[in-house]
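For reference, the chains in residue letters:
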Amino acid sequence: MVLPEAEVNFDDEADNYSFPVKQTLRLKRVMGYEKHRIARDGASSSDLCVYGLNRLINEKIIDPGEIGAIIAVTITPDYFVPHVSNIIQGRCGLQNDVLCVDISQGCAGFIIGLSHAFMLLEHLGGKKVLLFNADVLSHKVSKRDRNSYPLIGDMATVTLVENSRGARDIFFNIYMDGSRGSALIIPAGGSRLPCSQLTAEMRDDGEGNFRSLDNMKMDGFEVFNFVQREVPRMVGETLGYAGVNKEEVDWYLFHQPNKFMLQKLADSIGVPREKVFMNIVENYGNPSGASIPAVIAHNLSEDIGREKYLCCLAAFGGGLAWGAMVMELGNFGFCETVTSNL
């Protein structure tokens, strides 16, 4: 997990919003807000990824010659072209035969990226895959939008994926529904509606939140209902594929929207809240597709190096997309958190 340097407290931003401060502070207890990490102006997704990879190379945790492919999953790329994966490959001096792939996915990005990494392993002649999940969404969310800004966190995660003899089967499940895509949307900035002076104009959404068309817009009510309706069924289905009972799972490693939503989700699935980590938003903010590896690095960094756990991974969000995996995790060669100067 690669963090930006700046840590901002929720209390210090309470005056940003057009709501009574007392009312805003009540959200802190319910949603689990405490602080979040914000990348400095001009820092990009690739900057965080390059910082993390260079750290691994310099500490000789990764041998660059063993890397066969890079997958970069982000919804905040540096540019339209070149791609984030190519930028990482070039800046870190990796070989020209390293396959570079970008995937535009948000909250479900780790699940989707990991599935692609597994498929690529079968075609790389024993080489390994580097999976990057990175977003600097604070640059795309209005600081006057209490609906979204308090929960946003910037970070990158770097995951090294390799084949292992004798590994248990991994069970994967994914669903998409583009007809509900407007529940999480950044209206301007693409070819449909390029950024302009008009799209940058801040407006009240009618509920006291101020944002422009350049900013991310989230329908919190629709997203909450989507998660509670679709995710428990998907998790149960994936456990069924794996032939695993809910009680057999050691940890449920879920995307981190906020504490309240995760509590309700655990109750809907019928698993103890103690098996569902819910502490990423309060420490770092919601880091989009980097949530699941952030959960592992923050909560299991010591134990997962020597222990093995049966885990259910699940992620859900923009697209709309929702996916799950049942897999054994453990005996990691490295699992750590670093803070960059970004």
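Given the structure is predicted, the values throughout are model-derived calculations rather than measurements.

Enquirer: Before we move on, could you go through the packing of helix α5 (residues 220-242) against helix α6 (residues 259-269) and cite the residues and values that matter?
Expert: The packing of two helices is summarised by the inter-axis angle and the distance between the axes. Where α5 meets α6, the closest approach of the two axes is 9 Å, and the angle between their N-to-C directions is 35 degrees. Two packed elements cross with a definite hand, and for α5 against α6 that hand is right-handed. When α5 is examined against α6, the residues V223, F224, V227, Q228, V231, P232 and V235 are found in contact with a partner set consisting of F260, M261, K264, L265, S268 and I269. A per-class count over the contact of α5 with α6 returns 10 nonpolar, two polar and one charged.

Enquirer: Talk me through the nonpolar core; I want residue IDs and the actual numbers.
Expert: One finds V227, V235, Y252 and F254 to be the most contacted residues of the largest nonpolar core, which totals 44 residues. Elements with a contribution of two residues or more to this core: α5, β13 (251-254), α6, β14 (308-317) and β15 (321-330). Here the element with the most residues in this core is α5; it accounts for eight residues. Every residue in contact with V227, bar those within four places of it in the chain, is listed here: P232, M261, L265 and F316. One finds L120, W251, V295 and I296 within the second-largest nonpolar core, a separate group that totals 41 residues.

Enquirer: Give a description of the environment of L184 that names residues and reports values.
Expert: Relative to the elements of secondary structure, L184 occurs in strand β9 (residues 184-185). Relative accessible area serves as the criterion here: at 18%, L184 is assigned to the buried category. Apart from residues no more than four positions distant in its own chain, L184 is found in contact with M216, K217, M218, V223, G317 and G318.

Enquirer: Can you explain the pattern of salt bridges? Please cite residues and give values.
Expert: As enumerated under the stated definition, the model contains 19 salt bridges in all. A salt bridge links D177 to R180; its shortest N-O distance comes to 2.7 Å. Given a relative accessible area of 18%, D177 falls into the buried group. Residue classification places R180 among the buried residues on the basis of a relative accessible area of 17%. E222 is the salt-bridge partner of R229, the closest N and O atoms lying 4.0 Å from each other. For R229, a relative accessible area of 41% puts it in the partly exposed group. Look at E222 and you get partly exposed, because its relative accessible area is 24%. One network of salt bridges, with partners in common, ties together D177, R180, E222, R229, E230 and R233.

Enquirer: Mind laying out the sheet that holds β13, listing which residues take part and the relevant values?
Expert: In sheet architecture, strand pairing relies on hydrogen bonds along the backbone and comes in two forms, parallel and antiparallel. The mixed open sheet is built from four strands, whose spatial order is β8-β15-β14-β13. Every interior strand has two partners, whereas the edge strands, β8 (171-176) and β13, have only one. Across the sheet, the mean angle from the axis of one strand to that of its neighbour is 20 degrees, orientation sign disregarded. By the bridge criterion, four bridges tie β13 to β14 in an arrangement that is parallel. Bridging across to β14, W251 finds its partner in C311. Here α5 sits on the sheet in contact with β8, β13, β14 and β15, set at roughly 40 degrees to β15.

The rules behind these values
- Residues numbered from 1 in each chain as written.
- Predicted model: local features only at pLDDT ≥ 70, side-chain atom pairs only at ≥ 80, totals over all residues.
- Heavy atoms only, no water.
- Axes fitted to C-alpha atoms, helices over the stretch in contact; angles between N-to-C directions.
- Helix = DSSP H or I, 4+ residues; strand = E, 2+ residues; numbered from the N terminus.
- Left-handed = near helix turned anticlockwise from the far one by under 90°.
- Contact = heavy atoms within 4.5 Å.
- Nonpolar A, V, L, I, M, F, W, Y, C, P; charged D, E, K, R; others polar.
- Core = buried A, V, L, I, M, F, W, Y, C linked by side-chain atoms within 4.5 Å.
- Buried < 20%, exposed > 50% of the residue type's maximum accessible area, 1.4 Å probe, protein only.
- Salt bridge = Lys/Arg side-chain N within 4 Å of Asp/Glu carboxyl O.
- Pairing = 2+ DSSP bridges.

Interpretation note: all reported values are geometric properties and have no functional meaning in isolation.
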